[in-house]
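Examination of the molecular architecture
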Amino acid sequence: MSFTDEQLEVARKAFAGPVAFLKSAPKLEHLPDPLVPEVAFAGRSNVGKSSLLNALTNRNGLARTSNTPGRTQELNFFDVGNPLAFRLVDMPGYGFAKAPKDMVRQWRYLVNDFLRGRDVLKRALVLIDSRHGIKEVDRDILGMLDKAAVSYRIVLTKADKVKATDLAAVTAATVEEARKRPAAHPDIITTSSEGGMGIPELRAAVLEAIG
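Before going into details, it helps to say that this report is about the structure given with it.

Criteria and cut-off values
Residues numbered from 1 in each chain as written. Predicted model: local features only at pLDDT ≥ 70, side-chain atom pairs only at ≥ 80, totals over all residues. Heavy atoms only, no water. Helix = DSSP H or I, 4+ residues; strand = E, 2+ residues; numbered from the N terminus. Rg over C-alpha atoms; globule rule 2.2 N^0.38 Å. Lys, Arg positive; Asp, Glu negative; His and termini not counted. Charge placed at Lys NZ, Arg CZ, Asp CG, Glu CD. Pairing = 2+ DSSP bridges. Contact = heavy atoms within 4.5 Å. Axes fitted to C-alpha atoms, helices over the stretch in contact; angles between N-to-C directions.

1. Structural notes on the overall build of the protein chain
Across its full length, the protein chain holds six helices and seven strands. Each helix and strand of the protein chain, placed in order from N terminus to C terminus, yields the pattern α-β-β-α-β-β-α-β-α-β-α-β-α. Computed over C-alpha atoms, the radius of gyration of the protein chain comes to 16 Å, within 12% of the 17 Å expected from 2.2 N^0.38 for 211 residues, which places it in the range of a compact globule. Viewed in the frame of its principal axes, the protein chain has a C-alpha envelope of about 45 × 40 × 35 Å. For the protein chain, the distance from the average position of its 30 positive side-chain charges to the average position of its 25 negative side-chain charges is 4 Å.

Following this line, the structure appears as structure tokens:
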């Protein structure tokens, strides 16, 4: 699916306005009031989620980038628009090999309960590294989303790090897998935070998700 020039321009304007960090929620009781639609971002710890959020909002320091995978262990909320139009939710990265088991368990509880109980959550964007494709640890989160009946869309990251032929193969395999899953959007978006590839389309996909 491709977006029209008008949709891309509306999305560009939506993200050109105020975007601000609201709060971090280590537990469900710390969630902000569900006032506006939300779109969540999920991905492995080293998938480039912070860089993509920064590119999406055209702000260098909005989401903290870290060389230590798994640093974000809270749900981070960002307000978009003035007046407030919607929120972005940066979910804690998964698949961190060195994390203690109790931390992984807490992560599962927090994310699962958030996915199941957040009425204003319109869609999750699941980030997959173009260099690796969908791994078992990714299938775990896709399964959680399917089970929670949360609509999600797969977004390939770091497309500039892959040869065109390899990217085409990973894209085809990802599309095939997405179309087998009940809660997945059939179309995926390929992005590069550094080069800006797919960023306009990703903005439009966020607006499409919130309706």
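2. Let's talk about the sheet that holds strand β5 (residues 121-129)
Taken together, seven strands build an open sheet; the order of strands is β1-β3-β4-β2-β5-β6-β7 and the sheet is mixed. Here the strands that pair on one side only, and so sit at the sheet edges, are β1 (19-25) and β7 (189-190). The sheet contact formed by strand β3 (residues 75-80) and strand β4 (residues 86-90) spans five bridges and is antiparallel. Looking at β4, one finds that Phe 78 is bridged to Leu 88. Relative to β3, helix α3 (residues 101-117) is tilted by about 40 degrees, and along the sheet it contacts β1, β2 (38-43), β3, β4 and β5. Contacts between helix α5 (residues 164-178) and the sheet are confined to β6 (152-157) and β7, with β6 contributing the most and set at about 170 degrees to the helix.

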